[in-house]
Amino acid sequence: MIKAILIFNNHGKPRLSKFYEHYSEDTEQQIIRETFHLVSKRDENVCNFLEGGMLIGGSENKLIYRHYATLYFVFCVDSSESELGILDLIQVFVETLDKCFENVCELDLIFHVDKVHNILAEMVMGGMVLETNMNEIITQVDAQNKMEKSEAGIAGAPARAVSAVKNMNLPEMPRNINIGDISIKVPNLPSFK
């Protein structure tokens, strides 16, 4: 099972942290610091997995990571997970981010954190791997984006209605509105313009 997914830069600043077990906020921050210190001090030519830090479970858990440009992608997992499978999952995650953001960089993770979490949620939920097919993940993320855009259209409807009323060219404000047998007297309203 995946215990946590952490992304931090070369200076140890967290860019994404997703814990699948409950920890207090202080403990989570300590885990991030400890994980950064364990991973960042390793040479580039050594293997990409090591025993977990004391806060994340010690020798019972493993840290599996990849270092891309300025970012470390770290998965904290228990002993039931395959190291090579998780390395492949990290690769799929990075390639998916790269396709969604067109050459992903650290700023994309900062300014589009909700989209990054959506991508991650398509891949991993509750610490279990759901999907590893990049095309399927991108299809689901695109569907989510379309739905958000359509909902934004609904949410923006009142503002568009007010704008349309303001732009109406009425010679003067109507004083009485007659609809069949119903007559409505319109009070004096301030000008919309």
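Thresholds, definitions, all that
- Residues numbered from 1 in each chain as written.
- Predicted model: local features only at pLDDT ≥ 70, side-chain atom pairs only at ≥ 80, totals over all residues.
- Heavy atoms only, no water.
- Core = buried A, V, L, I, M, F, W, Y, C linked by side-chain atoms within 4.5 Å.
- Buried < 20%, exposed > 50% of the residue type's maximum accessible area, 1.4 Å probe, protein only.
- Helix = DSSP H or I, 4+ residues; strand = E, 2+ residues; numbered from the N terminus.
- Contact = heavy atoms within 4.5 Å.
- Salt bridge = Lys/Arg side-chain N within 4 Å of Asp/Glu carboxyl O.

Looking at the nonpolar core
Argument step 1. Counting residues in each nonpolar core, the largest one holds 30 residues, and the members touching the most others are Ile2, Phe93 and Ile119.
Argument step 2. Taken together, the elements giving at least two residues each to this core come down to β1 (2–9), β5 (71–78), α2 (83–101), α4 (113–123) and α5 (134–155).
Argument step 3. With 10 residues, the single largest contributor to this core is α2.
Argument step 4. Beyond its immediate stretch of four places on either side in the chain, Phe93 contacts Ile7, Phe73, Val116, Ile119, Leu120 and Met123.
Argument step 5. By size, the runner-up hydrophobic cluster in this structure holds 15 residues, among which are Ile32, Val39, Val74 and Cys76.

A word on the pattern of salt bridges
Argument step 1. All told, the structure shown has 3 salt bridges when counted by the stated rule.
Argument step 2. As a salt-bridge pair, Lys3 and Glu21 come within 2.7 Å of each other at their nearest N and O atoms. Residue Lys3 is located in strand β1, and its partner Glu21 is located in the loop between β2 (14–19) and α1 (25–40); the two are separated by 18 residues in the primary sequence.
Argument step 3. On the basis of relative accessibility, which here comes to 29%, the residue Glu21 falls in the partly exposed class.
Argument step 4. Linking Glu83 and Lys62 is a salt bridge whose minimum nitrogen-to-oxygen distance equals 3.2 Å. In this pair, Glu83 sits in helix α2 while Lys62 sits in strand β4 (residues 61–68), placing the two residues 21 residues apart along the sequence.

Geometric values such as these leave the question of function open.
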